[in-house]
Amino acid sequence: EAGVTQFPSHSVIEKGQTVTLRCDPISGHDNLYWYRRVMGKEIKFLLHFVKESKQDESGMPNNRFLAERTGGTYSTLKVQPAELEDSGVYFCASSHFNGPSGEQYFGPGTRLTVT
Amino acid sequence: GQNIDQPTEMTATEGAIVQINCTYQTSGFNGLFWYQQHAGEAPTFLSYNVLDGLEEKGRFSSFLSRSKGYSYLLLKELQMKDSASYLCAVRVFSGGYNKLIFGAGTRLAVHP
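Keep in mind the model is a prediction, meaning the values are calculated, not measured. Counting starts from 1 at the beginning of each chain's written sequence and moves along it residue by residue. Here the convention is simple: chains get letters from A, ligands get numbers from 1, in the order in which they are written. pLDDT decides what is reported in this predicted model: residues at 70 or higher carry local features, side-chain atom pairs at 80 or more are listed and counted, and totals for whole chains, interfaces and linings draw on all residues regardless. Hydrogens and water are ignored here; the side-chain numbers use all heavy atoms of the structure.

Caption draft 1: Highlighting the interface of chain B and chain A. Residue-level contacts link 18 residues of chain B with 22 residues of chain A. Joining two parts hides part of their accessible area as seen by a 1.4 Å probe, and the buried area is that hidden amount summed over both. On the chain B side of the contact with chain A, Y97, K99 and F102 of chain B bury the most area, a combined 32% of that side's loss. Any Lys or Arg side-chain nitrogen found within 4 Å of a carboxyl oxygen on Asp or Glu counts as a salt bridge. Joining chain B to chain A, the criterion identifies one salt bridge. Its salt-bridge partner being K99 of chain B, residue D56 of chain A comes within 3.8 Å of it at the nearest N-O pair. A contact between two residues is defined here by any heavy atoms of the two lying within 4.5 Å.

Caption draft 2: Fine view of the sheet that holds strand 3 (residues 19–24) of chain A. Residue and element names in this part refer to chain A. Paired strands are those between which DSSP finds at least two bridges. Strands here mean DSSP runs of E at least two residues long; helices mean DSSP runs of H or I at least four residues long; both are numbered from the N terminus. With respect to topology, four strands assemble into an open sheet ordered 1-3-8-7, the strand pairing being antiparallel. Because the sheet does not close on itself, it has two edges, and the strands there are strand 1 (5–7) and strand 7 (65–68). Neighbour-to-neighbour, the strand axes of this sheet turn through a mean angle of 15°, independent of strand direction. Inspection of the sheet shows strand 1 paired to strand 3 by three bridges, in the antiparallel sense. Considered in strand 3, the bridge of T5 is made with D24. In this analysis an axis means a line fitted to C-alpha atoms, helices contributing only their contacting stretch, and an angle means the value between N-to-C directions, from 0 to 180 degrees.

Spelled out as structure tokens, the structure:
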């Protein structure tokens, strides 16, 4: 079974540019999560999809961030325009259930550097 | 607010035992996870506790005390490949759904 995949693995962009990150969850997993780890800090929750619906986007930093999951399969996270403080590692995770046994499987992350 | 604390760094010797502690203050507690993360890789699931007590899984065990807001991860017969970051994460139930709140992670260095 293929794991969670993320693309690209690294991205270096200039302040003011746009970047789109992609996440392909494990096939059949309805729940998809985005997280971010800023240098030296903990991994922080950004948002949660159930199929194509946003269930919880309480962690999204501001309206420069837009996440989509059309068709309930892969998801994209767009940052527009990017700022220096957006640099960090963006992780995606998926799970089958959201209940007590709903362990989340993580992707390797996309390292975003904004210069 | 939600707060999770764990030591920043630990060192241990190959073959030894190490205990990584985690304390938390959260609302809506719905389980505690431990993940292992090697540099540049995905966090991988190690253990899950939702009830008080010890869960054992091979060389790894995890303990939870909900009344004390405390957990630990115990690693036995340490191997060099166990050098990694260990993340404590509390699942909280809010607004009808669960989400994970992470600690900053403990970097474990295993030396010969």
